Each structure stands twice: as C-alpha cells, then as structure tokens.
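Descriptive structure summary
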Amino acid sequence: MTMALIIIGVVLAGLYAIYASLISKKNNVKEAAAGIDVQLKKRYDLIPNMLKAAKKYMEHEKNVFAEVTKLREAAMGAANYADKFKADADLNNALRSFRIQAEAYPELKSDAAMVTAQQAMGETEEHIAAARRFYNSAVKEYKNALEIFPSSMIAAMMGLKDDYPFFEAAEAEKQAVDVNEYLG
C-alpha cells in the first residue's frame, strides 16, 4: 500500500512538473513577443522624428513619407503575430527605400537631428533583432514541448495549440545585396 502511494505520488509530481513546464514555456513565448512589441514601439516612435528631420530637405519625396506613415500605422494596428510580422517586413522595406533616397541629400546626411535619429534607429534595429532571436528560441522550446512525448499528451489535455509562428525574414531581406545598385 505504501509503495503504491509512493508510485502515485511520483507520477503526480511528474505530471505536475510537465504541466508547469508547459505553462512556463507558453509564458516565455508571450514574454518574448512582448519584448519584440516594446522594441517595435520604440521604432514606431522614432520614425516620425526621422521623417520630420528629412522633410525639410526632401520636399518632393512626399510619396515616401506617406508610404512609411501608412505602413507604420498598419504595423501598429496588426491583430496577430503573423500580421504583425508581415506588416513589420513591409515597413522595413519602406524604411530601407527611404534611407537609400536620403543618401541623395548631402545636407540631410549631415543634419544633426537626422544623424541622431538614424543612430537611435540603428540601435533599435539591433534590439529588435535580439528580441526576435529570443522569441524564436522561446517558440522552438514551446513547439518542442507540444510535440515531444510525454508533454505532448499533457499539452493536448490542456488544449494548448501551436499558435505562435516563427519570425522569418522577408524574402527581400534574404537576398544578397547588389552593390552595383548602390554604387551605380
């Protein structure tokens, strides 16, 4: 009788440990996603400052400003992770185009407000990349826990689903840079 109680106790402790581990992994994914959100918010806040600094030099590039502003709003209003990642990739492409066009304005490149905004944007981009790596790592651990026995059985009983996509770079970002395009 005592041996049966010990075995039942060990099994229950093991099940609880798996349950707690699954909850912890799910919360790690949410924390990592929130970390990305914090960095993206910082980037979204920097964009108007950068556009304001550039506006006085790039008056005839209004379509660029409108596009970046529109994509910023779309990224800020994305409803789920997949939409947020897609909108952010589009915004990244627009910002890359903006930076390339800004290169044609020597006065803009030396403007103190623009230099400061670009430095802050560069730092923020590094933080975003680190947050994305942390997110992908947390998602991998969560997905592994959902798929590997015995935690997969407990996850199914808890109703946990694979709702978190990996962050993947946009196709344009995976392409090699054509230096001739810039040196032209």
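Note that the coordinates shown come from a computational prediction; the quantities given were computed from them, not determined experimentally. Just so you know, the residues in each chain are numbered from 1, in the order the chain's sequence is written. Per-residue local features are limited, in this predicted model, to residues with pLDDT of at least 70; the limit for side-chain atom pairs, both in listing and counting, is 80 or more; totals at the level of whole chains, interfaces and linings are taken over all residues. Hydrogens and water molecules were not included; the side-chain quantities draw on all heavy atoms of the structure.

1. Some words on the overall build of the protein
Note the threshold: Numbering of helices and strands runs from the N terminus, with a helix taken as a DSSP run of H or I at least four residues long and a strand as a DSSP run of E at least two residues long. All radius of gyration figures rest on C-alpha atoms, and the globule criterion is 2.2 Å times the number of residues raised to 0.38. Partly exposed describes any residue whose relative accessible area lies between the buried limit of under 20% and the exposed limit of over 50%, with all areas from a 1.4 Å probe on protein chains only and scaled to the type maximum. Contacts were defined at the residue level, with two residues in contact if any of their heavy atoms lie within 4.5 Å.
Check the secondary structure of the protein and you find 8 helices and 0 strands. In the protein, the order of α-helices and β-strands from amino to carboxyl end is α-α-α-α-α-α-α-α. The C-alpha radius of gyration computed for the protein amounts to 23 Å, which surpasses the reference 16 Å derived for 184 residues by more than 25%, pointing to a less compact arrangement than a globule. Across its three principal axes, the protein shows a C-alpha extent of roughly 85 × 30 × 25 Å. Per-residue burial for the protein yields a buried fraction of 33% across its 184 residues. Across the protein, every contact between residues at least 6 apart in sequence was considered, and the portion connecting residues at least 24 apart equals 78%.

2. Some words on the packing of aromatic side chains
Filter applied, for reference: Any two rings among Phe, Tyr and Trp, with Trp reduced to its six-membered ring, count as a pair given centres within 6.5 Å; such a pair is stacked if its planes are under 30 degrees apart, edge-to-face if over 60, and tilted if neither.
For the structure shown, the criterion picks out 7 aromatic pairs. Aromatic pair Tyr 16 and Tyr 19: ring centres 6.2 Å apart, planes at 40°, arrangement tilted. Of this pair, Tyr 16 and Tyr 19 both sit in helix α1 (residues 2-55), 3 residues apart, which is roughly one turn of that helix. Residues Phe 85 and Phe 167 carry aromatic rings whose centres are separated by 5.2 Å and whose planes lie at 90° to one another, so their mutual orientation is edge-to-face. In this pair, Phe 85 sits in helix α3 (residues 81-102) while Phe 167 sits in the loop between α6 (151-158) and α7 (171-174), placing the two residues 82 residues apart along the sequence. This pair shows no difference in class: Phe 85 is buried, exactly as Phe 167 is. An aromatic cluster is defined as three or more aromatic residues linked by ring pairs; in this entry it consists of Tyr 81, Phe 85, Tyr 135, Tyr 142, Tyr 164 and Phe 167.

3. As for the packing of α1 against helix α2 (residues 62-76)
To keep it simple, the criterion reads: Only the stretch in contact is used when fitting a helix axis, every axis being a line fitted to C-alpha atoms; angles between N-to-C directions are given from 0 to 180 degrees. Convention used here: angles under 35 degrees read as roughly parallel, angles over 145 as roughly antiparallel, angles from 65 to 115 as roughly perpendicular, and any remaining angle as oblique. In this count, Pro and Cys sit with the nonpolar residues alongside Ala, Val, Leu, Ile, Met, Phe, Trp and Tyr, while Asp, Glu, Lys and Arg are called charged and the others, Gly among them, polar.
Axis separation between α1 and α2 bottoms out at 11 Å; the angle between their running directions is 170°. Taken together, α1 and α2 sit at an angle that is classed as roughly antiparallel. Residues Tyr 44, Asp 45, Ile 47, Pro 48, Leu 51, Ala 54 and Lys 55 of α1 lie in contact with α2, whose contacting residues are Phe 65, Val 68, Thr 69, Arg 72, Ala 75 and Met 76. Its residues assigned to classes, the contact of α1 with α2 shows 9 nonpolar, 1 polar and 3 charged.

4. With respect to the pattern of salt bridges
Note the cut-off: Any carboxyl oxygen of Asp or Glu that lies within 4 Å of a side-chain nitrogen of Lys or Arg is treated as forming a salt bridge with it.
One pass over the structure, following the stated rule, counts 9 salt bridges. Of the charged contacts, one joins Glu 125 and Arg 43 as a salt bridge, the two residues approaching to 2.9 Å between their closest N and O atoms. Here the residue Glu 125 occupies a position in helix α5 (residues 112-147), and Arg 43 occupies one in helix α1, the gap between them amounting to 82 residues. Between Asp 90 and Lys 86 there is a salt bridge, with the nearest N and O atoms lying 2.9 Å from each other. One end of the pair is Asp 90 and the other is Lys 86, both in helix α3 and 4 residues apart, which spans about a single turn. Judged by its relative accessible area of 26%, Asp 90 is partly exposed.

5. Digging into the environment of Lys 55
With respect to the element layout, Lys 55 can be found in helix α1. Each C-alpha atom, one on Lys 55 and one on Phe 65, is 8.2 Å from the other, the two residues being 10 residues apart in sequence.

6. Describing the side chain of Arg 43
Keep this limit in mind: Any pair of nitrogen or oxygen atoms within 3.5 Å is treated as a polar contact; in protein, a donor-acceptor pairing is required on top of that, and neighbouring residues in sequence qualify only through side-chain atoms on both sides.
Relative accessible area serves as the criterion here: at 0%, Arg 43 is assigned to the buried category. Polar contacts involving the side chain of Arg 43 include one to the side chain of Asp 88, which spans 2.5 Å. Every residue in contact with Arg 43, bar those within four places of it in the chain, is listed here: Asp 88, Leu 91, Asn 92, Leu 95, Met 121, Thr 124, Glu 125, Ile 128 and Arg 132.

7. Side note on the packing of α1 against α3
In a pair of packed helices, the angle between the axes and the distance between the axes together describe the arrangement. Where we set the bar: By convention the crossing between two helices is left-handed if the near helix lies anticlockwise of the far one by an angle smaller than a right angle, and right-handed if it lies clockwise.
The contact between α1 and α3 brings their axes to 12 Å, and the two run at 30°. As judged from the angle between their axes, α1 and α3 are roughly parallel. Every pair of crossing elements has a handedness; the one defined by α1 and α3 is left-handed. Only Tyr 81, Lys 84, Phe 85, Asp 88, Leu 91, Asn 92, Leu 95 and Phe 98 of α3 make contact with α1, whose side of the interface consists of Ala 33, Ile 36, Asp 37, Leu 40, Arg 43, Tyr 44, Ile 47, Met 50, Leu 51 and Ala 54. Of the residues in the contact of α1 with α3, the class split is 13 nonpolar, 1 polar and 4 charged.

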